[in-house]
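# Residue-level structural notes
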Amino acid sequence: MSEAKISIIIPVYNVEKYIERCVESLLRQTFEDIEIILVNDGSKDNSGHLCDEMSEKDARIKVFHQENQGVSVARNTGISNASADYIVFVDSDDFAAPTMCESLYNIITNTDCDLAVCRAYNTDSEELICYPEEKDLPAPVVLDRDDGVFKMANPLENFCTPWGKIFKKDLVLKCKFPVGVPMAQDLHFVYSYLAYCKKITFTEEKLYYYFAREDSTVHTPITGNKAQKLLFVHSDTVERLSWVDNEKLYHQINAYFSCNCETTILNSLIMNKHSDPDLVKQLQAMLKQNYKSIIKSSLPVMKKIQMLLAALSPALYKYVYAILK
């Protein structure tokens, strides 16, 4: 087996229904110089056994078993055991197009950038599918860090996830995933990584298949301790933006986090008919504190109006939200 050029890290927890599909899509990659690192994070189902079975059939698959410590620790375990110079993250219930690794590797090496980003399909299929390759796509766009981060800080896009990208391992080692945070670890990690980037390349190719499960964490109500930790991620990450010396970019990122943290929590409370007056007041205060960033950002006008309305009157926002839904 040739030396791996890409380490693909997959955290595994109670996904016996999906893990084989995920790994199979990676074994079908047109780029074969890969290692697949499966980190079984204390699964209670048959996931760990399936991982071991797959590793016996293909030497490129490495399995690590650990007690359940959460997705951040699982990914960090994978990072620590990665042997390649480039890292790709894949979620265990998602899967990849056959050309994902080849395309991302060629982009990051040919453009000499620090991060290459592709687009993704949203799928509800439980089968391993592959859409026809899109034709006549524009060439990848290379942006400097500020313009690249500005593009990523768009709440209408889904760029700030670890999947759908290829990273340089030497930079990943400087900003591993935060431990002890049940939500938004992705945001924290990605923005920590961006601090070390000089160039970011975007391709319009859809190379990743995102599968949204009803029982995934994104569908879990955000209340109490989870809400507080999500708000901490916002505050902590923004405090780490010392590398941002562009005022326009700072406001864009701050508004992005307000949209993905404060309003996300408020929407969750509304959807789950959960009453927490103290938390609502805290959300309102944070939105008021960040109103300047909201106004100066490039968020759509309607999104700005919704967020400012939430800052002024959460009760009225709840009424409007019910109408819009």
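Our subject is the structure listed above.
Our subject in this report is the structure included herewith. (Residues numbered from 1 in each chain as written. Predicted model: local features only at pLDDT ≥ 70, side-chain atom pairs only at ≥ 80, totals over all residues. Heavy atoms only, no water.)

## Some details on the overall build of the chain
When helices and strands are tallied, the chain shows 14 helices and nine strands. The C-alpha atoms of the chain give a radius of gyration of 20 Å, which matches the 20 Å a tight globule of 325 residues would have. On the principal axes, the C-alpha backbone points of the chain span a range of 60 × 45 × 35 Å. A buried classification covers 54% of the 325 residues belonging to the chain. For the chain, restricting intrachain contacts to residue pairs at least 6 apart in sequence, the fraction spanning at least 24 positions comes to 81%. When the accessible surface of the chain is split by element, carbon and sulfur atoms take 49% of a total near 15,300 Å². Here the chain contributes 35 positively and 44 negatively charged side chains, and the mean placements of these two sets differ by 7 Å. (Helix = DSSP H or I, 4+ residues; strand = E, 2+ residues; numbered from the N terminus. Rg over C-alpha atoms; globule rule 2.2 N^0.38 Å. Buried < 20%, exposed > 50% of the residue type's maximum accessible area, 1.4 Å probe, protein only. Contact = heavy atoms within 4.5 Å. Areas by Shrake-Rupley, 256 points an atom, 1.4 Å probe, with all protein chains shown as cover. Lys, Arg positive; Asp, Glu negative; His and termini not counted. Charge placed at Lys NZ, Arg CZ, Asp CG, Glu CD.)

## A look at the side chain of Lys304
Residue position: Lys304 is located in helix H13 (residues 301-312). This buried residue, Lys304, is left without a salt bridge; Glu247 holds the nearest opposite charge, at 13 Å. Dropping the residues within four chain positions of it, Lys304 is found in contact with Ile294, Ile295, Ser297 and Leu299. (Salt bridge = Lys/Arg side-chain N within 4 Å of Asp/Glu carboxyl O.)

## Points about the packing of helix H9 (residues 247-260) against helix H10 (residues 262-271)
Across the interface, H9 lies against H10 with an axial gap of 3 Å and an inter-helix angle of 15°. Taken together, the axis directions place H9 and H10 in an arrangement best described as roughly parallel. Of the residues in H10, those in contact with Phe257, Ser258, Cys259 and Asn260 of H9 are Glu262, Thr263 and Thr264. Class assignment of the residues belonging to the contact of H9 with H10 gives a composition of two nonpolar, four polar and one charged. (Axes fitted to C-alpha atoms, helices over the stretch in contact; angles between N-to-C directions. Parallel < 35°, antiparallel > 145°, perpendicular 65-115°, else oblique. Nonpolar A, V, L, I, M, F, W, Y, C, P; charged D, E, K, R; others polar.)

## A word on unusual backbone geometry
Even without a glycine there, the phi angle at Asp136 is positive, about 60°. Along the chain, the position of Asp136 falls in the loop between strand S6 (115-123) and strand S7 (141-144). Asp136 sits in the exposed class, given a relative accessible area of 78%.

## Overview of the state of the cysteines
Tallying each qualifying case throughout the model produces zero disulfides. Cys197 takes part in no disulfide bond, and the closest cysteine sulfur to it belongs to Cys113, at a distance of 8.3 Å. Here Cys261 stays free of any disulfide, with the sulfur of Cys259 as its closest cysteine sulfur at 9.3 Å. Classification of Cys261 as buried rests on a relative accessible area of 0%. (Disulfide = S-S within 2.5 Å.)

## Section: the packing of aromatic side chains
The full count for this structure, using the stated rule, is 21 aromatic pairs. In this structure an aromatic cluster arises from ring pairing among Phe89, Phe167, Phe177, Phe189 and Tyr193. Above the ring of Phe150, the side-chain terminus of Lys248 is found at 5.1 Å from the ring centroid. (Phe/Tyr/Trp six-rings, centres within 6.5 Å; stacked < 30°, edge-to-face > 60°. Lys NZ or Arg CZ within 6 Å of the ring centre and 35° of its normal.)

## Digging into the pairing of strand S3 (residues 61-66)
Inspection of the sheet shows strand S2 (residues 34-41) paired to S3 by six bridges, in the parallel sense. In the sheet register, Ile37 faces S3, and the bridge partner there is Lys62. Assessed by its sense of winding, the connection that carries the chain from S2 through helix H2 (residues 47-57) to S3 is right-handed. (Pairing = 2+ DSSP bridges. Right-handed = clockwise from strand over helix to strand, strands pointing away.)

## Observations regarding the nonpolar core
Leu115, Met152, Tyr191, Leu194, Ile200, Ile253 and Ile265 are the most contacted members of the largest nonpolar core, which has 64 residues in total. The contacts of Tyr191, once residues within four sequence positions are left out, are Val149, Met152, Ala153, Cys160, Thr237, Trp243, Ile253, Tyr256 and Phe257. Counting residues in hydrophobic clusters, the runner-up holds 35 residues, among them Tyr86, Tyr105, Ile107 and Tyr208. (Core = buried A, V, L, I, M, F, W, Y, C linked by side-chain atoms within 4.5 Å.)

## Concerning the environment of Asp41
Take Asp41: it is sitting in strand S2. Taking the C-alpha atoms as reference points, Asp41 and Val12, 29 residues apart in sequence, are found 5.8 Å from one another. Apart from the residues lying within four places of it in its own chain, the contact partners of Asp41 are Val12, Tyr13, Gln66, Glu67, Asn68, Gln69, Gly70, Val71 and Ala74.

## Digging into a nonpolar patch on the surface
Taken together, the side chains of Val301, Met302 and Ile305 make up a nonpolar region of the molecular surface, amounting to roughly 310 Å² of accessible area. Mapping Ile305 onto the fold places it in helix H13. You can call Ile305 partly exposed: its relative accessible area is 47%. (Patch = residues over 30% accessible without salt bridge, like charges linked within 9 Å, V, L, I, M, F, W, Y side chains within 5 Å.)

That is the geometry; function is a separate question.
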